[in-house]
Structures are given as structure tokens and as C-alpha cells.
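# Report on the structure
For reference, the chains in residue letters:
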Amino acid sequence: MDTILELIKQSGGRLTKTRQAIIRLLTGSECLLSGADILAGLKKLKLSPDRTTIFRELNYLTKLGIVVKSSINGKDCYEIQDEHDHHHHLICLNCKDIQKVELNSHLESQERQIKKQTNFRITGHALEFYGYCIKCKAASGK
Ligand SMILES: [Zn+2]
Ligand SMILES: [Zn+2]
Ligand SMILES: [Zn+2]
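Residues numbered from 1 in each chain as written. Chains lettered and ligands numbered in written order. Predicted model: local features only at pLDDT ≥ 70, side-chain atom pairs only at ≥ 80, totals over all residues. Heavy atoms only, no water.

### Considerations on the coordination of the zinc ion (ligand 3)
Inclusion rule: Listed donors are limited to N, O and S atoms within 2.8 Å of the metal, widened to 3.2 Å for Na, K and Ca; water is not among them, so incomplete-looking sites are possible. Square planar and octahedral assignments, for four and six donors respectively, both demand that opposite donors be over 155 degrees apart and that all other angles lie between 65 and 115; tetrahedral needs four donors with all angles between 85 and 135 degrees, and anything else is irregular. Helical segments are the DSSP runs of H or I of at least four residues, strand segments are the runs of E of at least two, and each set is numbered from the N terminus. Exposure is judged per residue with a 1.4 Å probe applied to protein chains only, and the accessible area is read against the type maximum: over 50% gives exposed, under 20% gives buried, and values in between give partly exposed.
Here the zinc ion (ligand 3) is held by His-86 (NE2), His-88 (NE2), Glu-108 (OE) and His-125 (NE2), and the distances to it run 2.0 to 2.5 Å. Around the zinc ion (ligand 3) sit four donor atoms, and with donor-metal-donor angles ranging over 83 to 169 degrees the site reads as irregular. In primary sequence terms, the donor set of the zinc ion (ligand 3) follows H-x1-H-x19-E-x16-H. Of the two residues, His-86 is situated in the loop between strand 3 (75-80) and strand 4 (88-92) and Glu-108 in helix 5 (residues 106-118); the sequence distance between them amounts to 22 residues. Judged by its relative accessible area of 28%, His-86 falls in the partly exposed class.

What follows is the structure, given as C-alpha cells:
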């Protein structure tokens, strides 16, 4: 959390109450939060910025590479880009459950290679696997 706030200060950003609260919510969560989750979390903290403000904040944090955005079942979800807890997601198409999954380093070395080949400044990546979780698989009998 402190390193994140430091990074924002260094890049000339202001540490508004809302911004800090959003970062606290995201760092306190183990995995993806949807825009609605964040909105609800802020309300609990007695902060009620409008949707536009929240999405502007989330875009800002995504741009800085602090947050990664993934589109899950058509909804934008966010999580802290944490190199110590880097993972991908298994998403159940039936119950919408999200599980964390770790891959071996193959994809990360690929990322370095892509960086080199394209000279693109990659700030992060997201990868989701879609399918049916163990419960839904059993229920459908497949
Ligand atoms: Zn996650
Ligand atoms: Zn399921
Ligand atoms: Zn990865």
C-alpha cells in the first residue's frame, strides 16, 4: 500500500481520500473486484463518489500500472498488479465463480520476449480461462 502511494506521489498525482480508499479496497482484496464491488466498498466507508469519478480513478490507476483491468463476463474488474501474487483466473460460465490459478513462468518469459520484439512498454497482462467449475461440471453431468 505505501509503495503504491509513493508511486502516485512520484508521478505527480494527488492522494485524495477517494483515491486512497479505492487503493485500500483493492489491496485488501485477494482477487478481482468489479466496479460495483468498489462502489459498495466506498459506500461502507461513507464515501460516495459518483460512478464517473470511480471509473476515472480506476483508469488512472490502470494507466500507472498499479491496477490491472480484466473484462470478466462483460464486466470490468480490477485488481492490484502485484508481482508477488501474480496469478490468472478460472471463470465459471455457469455460477460466475472466479478462482485464482498460477501458471509456470512460461507466459512471463514470453512477455519479456514480446517486449523486446515490439518495443512495446508492457505494464502488465491478464489472462482468463473460461469453463465450468467442479460443482457446475458435476451438476451438468459432463
Ligand atoms: Zn485475481
Ligand atoms: Zn460454477
Ligand atoms: Zn501472468
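Next comes the rest of the write-up.
### Quick notes on the sheet that holds strand 3
Put simply, the rule reads: Between any two strands, pairing holds if DSSP finds at least two bridges. By definition, residues are in contact when any of their heavy atoms lie within 4.5 Å. The axes used here are C-alpha line fits, helices contributing only the stretch in contact, and every angle between their N-to-C directions lies in the interval 0 to 180 degrees.
The strand order 1-3-2 describes an open sheet built from three strands, whose pairing is antiparallel. Here the strands that pair on one side only, and so sit at the sheet edges, are strand 1 (33-34) and strand 2 (67-72). Relative to strand 3, strand 2 runs antiparallel, the two being bridged by six bridges. Residue pairing in the sheet places Lys-69 in a bridge with Tyr-78 of strand 3. Of the strands in this sheet, strand 2 and strand 3 are in contact with helix 4 (residues 51-63), which crosses strand 2 at around 115 degrees.

### Side note on unusual backbone geometry
Positive phi values are uncommon outside glycine, yet Lys-96 reaches one of about 65 degrees. Tracing the sequence through the fold places Lys-96 in the loop between strand 4 and strand 5 (98-101). According to the relative accessible area criterion, Lys-96 is partly exposed, its value standing at 48%.

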